[in-house]
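# Understanding the architecture of this molecule
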Amino acid sequence: MSAASASLWRQRLFGSPATGVVTLLLAAGIAWLAIPIIRWALIDASWSGTTRADCAAGGACWVFVKARFGQFMYGLYPQDQRWRADLAGILFALATAAIVFAPPRLRLKAAIAALVVLPALGIWLLAGGFGLRPVETREWGGLMLTLFISVYASLIAIPLGILLALGRQSQLKVVRLVSVLFIEFWRGVPIIAVIFLASLLLPLILPGGVGIDRLARAVIGLGLVIAAYMAEAVRGGLQALPPGQREAATALGLTYWKATGLIILPQALRISLPAMTNEFIALVKNTTLVLVVSILDLLGIAQASLADPAWVGMNMEAYVFSGSIYWLICFALSRWSRHLEMLGRRQHR
Amino acid sequence: MTKALALLNDKRVRDVVYQAALLLGLVALTVFFVRNASENMVKAGIASGFDFLWRNSGIDVPFVLTGYTRSSTVLDLFWAGVANTMLVTVVAMVLATALGFLVGIARLSSHWLLSTVAGAYIEFVRNIPLLFFVLFWYFGVIAALPAPRDSVSMFGVAFLNNRGLTIPLPEAPAVFRWAVAAILLSWIAQALVAAWARRRKERTGQDAPVLAIGVVLVLVLPALAVTWASLATGWDVPVLRGFNYRGGFVVIPEFVALLAALVTYTAGFIAEIVRGGIQAVPRGQTEAAAALGLRPGRILRLVTIPQALRVMIPPLTNQYLNVLKNSSFGAAIAYPDVVSLFMGSALNNTGQAIEIIAMTLAVYLVIGLAVSAFMNWYNARIALVTR
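Being a predicted model, the structure only gives us computed values, none of them experimental. (Residues numbered from 1 in each chain as written. Chains lettered and ligands numbered in written order. Predicted model: local features only at pLDDT ≥ 70, side-chain atom pairs only at ≥ 80, totals over all residues. Heavy atoms only, no water.)

### Digging into the interface of chain A and chain B
Put simply, the test is: Any two residues having at least one pair of non-hydrogen atoms within 4.5 Å are treated as being in contact. What gets called buried area is simply the loss in accessible area from a 1.4 Å probe that two parts show on being joined, summed for both. By definition, a salt bridge exists where a carboxyl oxygen of Asp or Glu is found within 4 Å of a side-chain nitrogen of Lys or Arg. We call two N or O atoms a polar contact when they sit within 3.5 Å, provided that within protein one can donate a hydrogen and the other can accept it, with sequence-adjacent residues counted only if both atoms are side-chain atoms.
Taken together, the 53 residues of chain A in the interface contact 46 residues of chain B. Counting the surface lost from both chain A and chain B, the interface buries some 4400 Å², and carbon and sulfur atoms represent 76% of this. Applying the counting criterion to the chain A and chain B interface returns two salt bridges. Put simply, Arg335 of chain A and Glu123 of chain B hold a salt bridge, and the shortest N to O gap is 3.3 Å. In this assembly, chain A and chain B are joined by 16 residue pairs in polar contact (both at pLDDT 80 or more).

### Digging into the nonpolar core
Keep this limit in mind: The definition of a nonpolar core used throughout is a set of buried Ala, Val, Leu, Ile, Met, Phe, Trp, Tyr and Cys residues joined through side-chain atoms within 4.5 Å. Burial status follows relative accessibility: with a 1.4 Å probe on protein chains alone, a residue under 20% of its type maximum counts as buried, one over 50% as exposed, and anything between as partly exposed.
Counting residues in each nonpolar core, the largest one holds 148 residues, and the members touching the most others are Phe72, Trp140 and Phe148 of chain A together with Phe342 of chain B. Once residues lying within four places of it in the same chain are set aside, the contact partners of Phe148 of chain A are Ile123, Leu126, Trp140, Leu215 and Val219 of chain A. Listed in part, the twelve residues of the second largest apolar core include Ile270, Met312, Ile313 and Met375 of chain B.

### Brief notes about the pattern of salt bridges
Using the following cut-off: Segments assigned H or I by DSSP are reported as helices when at least four residues long, segments assigned E as strands when at least two residues long, and all are numbered from the N terminus.
Scanning the model with the defined rule gives 13 salt bridges over all chains in all. Between Glu39 of chain B and Arg35 of chain B there is a salt bridge; the shortest N-O distance is 4.0 Å. Here Glu39 of chain B and its partner Arg35 of chain B are both found in helix α2 (residues 11–44), four residues apart, which amounts to about one turn of the helix. When its relative accessible area of 41% is taken as the criterion, Glu39 of chain B is described as partly exposed. Its relative accessible area of 55% is what places Arg35 of chain B among the exposed residues. Linked through salt bridges whose partners overlap, the residues forming this network are Arg168, Glu184, Glu232 and Arg235 of chain A.

### Here we look at a nonpolar patch on the surface
All names here are of chain B. Spelled out, the test is: Residues qualify for a patch when their relative accessible area is over 30% and they have no salt bridge, like charges being joined within 9 Å and the nonpolar side chains of Val, Leu, Ile, Met, Phe, Trp and Tyr within 5 Å. Exposure was quantified through the Shrake-Rupley algorithm and a 1.4 Å probe, taking into account, for residues, occlusion by the shown protein chains and nothing else.
Together, Val180, Leu184, Trp187, Leu211, Val215, Val216, Val218, Leu219, Val220, Leu221 and Leu224 make up a nonpolar patch on the protein surface, roughly 990 Å² of accessible area in all. With eight residues, the single largest contributor to the nonpolar patch is helix α7 (residues 210–232). Checked against the element boundaries, Trp187 lands in helix α6 (residues 174–204). Look at Trp187 and you get partly exposed, because its relative accessible area is 44%.

### Structural notes on the environment of Gln190 of chain B
All names here are of chain B. Looking at the element boundaries, Gln190 is found in helix α6. Residue Gln190 is classed as buried on the basis of its relative accessible area of 15%. Beyond its immediate stretch of four places on either side in the chain, Gln190 contacts Ile213, Gly214, Leu217 and Val218.

### Let's talk about the packing of helix α8 (residues 173–188) of chain A against α2 of chain B
Worth spelling out the cut-off: Only the stretch in contact is used when fitting a helix axis, every axis being a line fitted to C-alpha atoms; angles between N-to-C directions are given from 0 to 180 degrees. Gly is placed with the polar residues, together with every amino acid not listed as nonpolar (Ala, Val, Leu, Ile, Met, Phe, Trp, Tyr, Cys and Pro) or charged (Asp, Glu, Lys and Arg).
Packing of α8 of chain A against α2 of chain B brings their axes to within 8 Å, and their N-to-C directions diverge by 40 degrees. Here α8 of chain A contributes Lys173, Val174, Val175 and Val178 of chain A to the contact with α2 of chain B, which in turn contributes Gln19, Leu22, Leu23 and Leu26 of chain B. Of the residues belonging to the contact of α8 of chain A with α2 of chain B, the class tally is six nonpolar, one polar and one charged.

### A short note on the packing of aromatic side chains
Note the cut-off: Under the pairing criterion, centres of Phe, Tyr and Trp rings, with the six-membered ring standing for Trp, must be within 6.5 Å; the plane angle then separates stacked pairs below 30 degrees from edge-to-face pairs above 60, leaving the rest tilted.
In total, this model carries 30 aromatic pairs over all chains according to the counting rule given. Their ring planes at 80 degrees and their centres at 5.1 Å tell us that Phe185 of chain A and Trp186 of chain A sit as a pair that is edge-to-face. Centre to centre, the rings of Phe50 of chain B and Phe52 of chain B are 6.4 Å apart; their planes meet at 25 degrees, and the pair counts as stacked. Exposure remark for Phe50 of chain B: the relative accessible area of 41% places this residue in the partly exposed category. Connected via pairs of aromatic rings, a cluster forms that spans Tyr319 of chain A together with Phe124, Phe132, Phe133, Phe136, Tyr265 and Phe269 of chain B.

Right, dumping it as structure tokens:
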């Protein structure tokens, strides 16, 4: 450390007596909290082995996570079929990368192509049929299911949310009223109740004999709620546009849908993108609620693994591992959203 | 023909046609759903209607604030659930606000380490699902607490263990009614004094000792009243008998876990709101106030906070409504809130899905609308008066 930066740090941490006291108190608190955690998670932890007997007392038993890694990722998905989930994940990642990094001219086409092909392809890969071995949704689980629910619920939520936001701004009174009622209703009720509601009511209101998959019910329920929140995120972008934009488009003779698609949405969505990303983060966090209808996503698998008699008392290991994965996903997304916001602010100037 | 075409090209006519089509579509969809539902319910042998509310519930609830017992009606069960939801919501709101303000102000501190620790806390809790915290507190922390024999004792009257928090219970709760009445009276007196002082200040420019009177009326008198009431009644202090505590009131572990999760999680969001609100006050405001000769404390009280509050209130309202909705996460650990009692247990017993779901959702919608209305009124009251 150079002399200049050393003096800077001394100024920062011990600039005045009061500052020094606060620094010492905080440092003591951090040490009191962090030292046992680091000892438990790293120093005293057991890393190698296959059974509970390989774990030393007092430290974390990461052997447990290693032994159950497959379950944490895929749930009870048949082991020899897990490549299908991997392939679906890779395809979605590639498509996202293609949309983000494509030249702006091709971006819309790439997005539409991905939206038409991928959802069906993904379901085919995961569920099977048509030449692939069928795998029931009961066997899906883990991180794979968390990502599946997040992606498919947002496939419902984003288009519906955009329509609702447009409806809320509409000149037509009935359209506006319907949109407002829809948005405020779903935003006013707890998501856990919506998941219960979807799993109980959807089979009831469909014609007798039409079965609907348990997982599909949860995805539809989540999609409808998140659509209401997405609508509010999009509304922010729509309201940020000067009214002259639509007026100019109308004056040029564009119809409502042409003006919306070519002039309004491209600009409004760019402004809304950070807010929409934040809603997506909320969606990823809320997928955990499917636990209440016994669908086992990443957190559900961690919770279920506590009941394994071969691995008694692994609560902390299961929570720390699953919690870190959620944190990494959400933190990365929130950083990206902040980056988008900065980018937008710079372009506006 | 041309007349019909002209009619179709008329914007007003087309608008009416579109809206009528939308309405018709929605009505058709509703009719379709309702017909299916009634057919399916007939098939399953479920009668519709609200008669079930007056039937005997037969459900045991481990944590009751109302007079509910297992021989009460289903409607009483509903109210017991609503009371439990309200209890955890209100306590969590208060504690989360306090913690959130502390963390938010620490985040803005000029002390580097303090601000970094606060920032780390915010980034940590905001990026993890709330359900994770609920399960973690319940199965990770509370379950790991010692058994009743080795409880964590708090001054020898309250005991924390893996069966919850046992607190002493007053033997004559009636005296507390007098204490509450005294507190309310002194708060009303404080409001009157403040209004009188403000009017006098506007008229004559003279200051009244509002702060001293306020401390006495808002803090000292209520503290005296509570102390008097605590001394006047006898206390049922929990005592260890065999394997568990007898006497006192047991706050169930589900409540403790849910409360801890709601408070730590929501505080992260409130902290960001506080930070944003204070940062939104332009620096020129504090500089101008300082140039006018105001002391730092008065700048904070008269210039910064009133303007920061105006920015903070809409997002804070949202957070409070989120706490209300998120209190339903208790259903995952069987905290007896309205969702888990009514939408869970009562629905399983009676099978009246539609009625029960409608009533449960109505609770949240009604409270949500009431809170929004109050906050809008408050917001309008403190809004900037522009000429």
